[in-house]
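# Summary of the model geometry
What follows is the residue order along each chain.
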Amino acid sequence: MEQTAHPTRTAPAAPAAPEAPTAPATAPAFQSDERHERHERDERDERDESHETHETHRIELGNVSVTRVKEYYGPVDMTPGQFFPTVPQEAWHDGAAWHTPHFLDPRTNIVNSAVQSWLLRSEGRTILVDTGVGNHKERPYSPVWSHLRTDFLSGLARAGVAPEDVDLVINTHLHVDHVGWNTRLDGREWVPTFPNATYLMPKDDYDFWNPANGHEPLLGRGNQNVFEDSVAPVHRAGQVHLWQGEHRIDANLRLDAAPGHTPGSSVLTLVSGTDRAVFVGDLLHSPVQLVDPDHNSCFCEDPVLARTTRRRILGWAADHRALVVPAHLGGHGAAEVERSGNAFTVKGWAPFTPYARTDGGEERTPRVTREGRVATA
């Protein structure tokens, strides 16, 4: 709501792949090519579209293609002080050159955020990381996300993917803006949007957000109805696999627990050839958390554990020249980081084309009220 050489280092216990090759002496190349025969036509269509519009929505990391699929990008009606209560005002001023305009609107002093999914193609499978807010959902305590009508599925179609094509859905955690398109409304019933997919969900989050277990989250009722309309239906359909600790997807991809933001928050680590990336979900929402990773958003269930996890994951990313891919960054969407004293800094941005502000059409520009601020979590 996010390249020069490093010395060769050995991988730490987590989240690095146990037998990953060492980093090369040159920066990873984020160039598109036709490495996947199964998707040659889809990739050609995307390449033609990018050529016509001079935009980049897809990159290649080793043998894995990564496509950015937008649901929403724009203001979330929260000032930096509201979103990140412990960040001093001077930090925003000092970092204005790279916070604005993609992450902070200098005219209004309102945070900009993206709701998006990451579409991966790996070893012949189509994988969707997080599924946004969804359409037609009733969100009484997050009214900003109630009864949306976005063209998210059209965005998937432009990437060459129909709902039936998705093999795996990964929910990094089970907040309202990460599970919405798990289901769609069919008449009066919520049914799985991706009928042929296995949905990978962290068991710790499944248990925490299950209303039957009576937990009292920091976010209060902001996640109300989310379990019932976006999690339980796919579980009843027999499409959910609950995992804990670590879950190996294939030779390129592995899920690891990364608790703090929520009890079951997770990261997806990609190691393919000489390229690395880590999809960190809501481990961070803004580049300000790279400069000082001890700052949390106001949405973290366990602030102390969230800080510890953020430092651990960013440390691995810096030491292994891995692209850090958060769930909610606008702008170029992802960055390579490097150590800077006791913190980190952005070494280089991914080549994704920054989003334009959402405006008109079928998409509704949300205004996040204090009661509904969970909408951006």
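Please refer to the structure higher up on the page.
In what follows, the accompanying structure is described. Here the structure is a predicted model, which means the values were calculated and not measured.

### Details of the pattern of salt bridges
- Considering all chains together, one arrives at ten salt bridges under this definition.
- For Arg 139, the salt bridge goes to Asp 229, with nearest N and O atoms at 2.7 Å. Of the two residues, Arg 139 sits in the loop between strand 5 (125–129) and helix 5 (152–158) while Asp 229 sits in helix 8 (residues 226–236), which places them 90 residues apart along the sequence.
- Note on Asp 229: relative accessible area 6%, which makes it buried.
- The salt bridge involving Asp 319 is made with Arg 339; its shortest N-O contact spans 2.9 Å.

### Regarding the state of the cysteines
- Within the structure shown, the criterion is met by zero disulfides.
- The thiol of Cys 298 is not disulfide-bonded; the next cysteine sulfur, from Cys 300, is found 8.4 Å away.
- Judged by relative accessible area, which is 3%, Cys 300 ranks as buried.

### Concerning the sheet that holds strand 15 (residues 323–326)
- Reading across the sheet, the seven strands line up as 11-12-13-14-15-16-17 and stay open at both edges, with mixed pairing between neighbours. Every interior strand has two partners, whereas the edge strands, strand 11 (246–248) and strand 17 (343–349), have only one. On average, each strand axis in the sheet is inclined to that of its neighbour by 30 degrees, with strand direction left out of account.
- Where strand 13 (residues 266–272) lies against strand 14 (residues 275–281), five bridges are found, and the strand directions are antiparallel. Counted as the bridge partner of Val 271 is Arg 276 from strand 14.
- Across the sheet, helix 10 (residues 303–319) lies against strand 12 (253–257), strand 13, strand 14, strand 15, strand 16 (335–340) and strand 17, angled at about 100 degrees from strand 16, the strand it touches most.

### Concerning helix 8
- Among the eleven residues in helix 8, eight count as buried, and that is most of the element.
- For helix 8, the full list of buried residues reads Val 226, Phe 227, Asp 229, Ser 230, Val 231, Ala 232, Pro 233 and Val 234.
- Of the surrounding elements, those touching the buried residues of helix 8 are helix 6 (176–179), strand 7 (183–186), strand 8 (189–192), strand 9 (198–202), helix 7 (203–209) and strand 10 (240–243).
- Positive backbone phi, approximately 75 degrees, marks Gly 238, located one or two places after helix 8.

Criteria and cut-off values
Residues numbered from 1 in each chain as written. Predicted model: local features only at pLDDT ≥ 70, side-chain atom pairs only at ≥ 80, totals over all residues. Heavy atoms only, no water. Salt bridge = Lys/Arg side-chain N within 4 Å of Asp/Glu carboxyl O. Helix = DSSP H or I, 4+ residues; strand = E, 2+ residues; numbered from the N terminus. Buried < 20%, exposed > 50% of the residue type's maximum accessible area, 1.4 Å probe, protein only. Disulfide = S-S within 2.5 Å. Pairing = 2+ DSSP bridges. Axes fitted to C-alpha atoms, helices over the stretch in contact; angles between N-to-C directions. Contact = heavy atoms within 4.5 Å.

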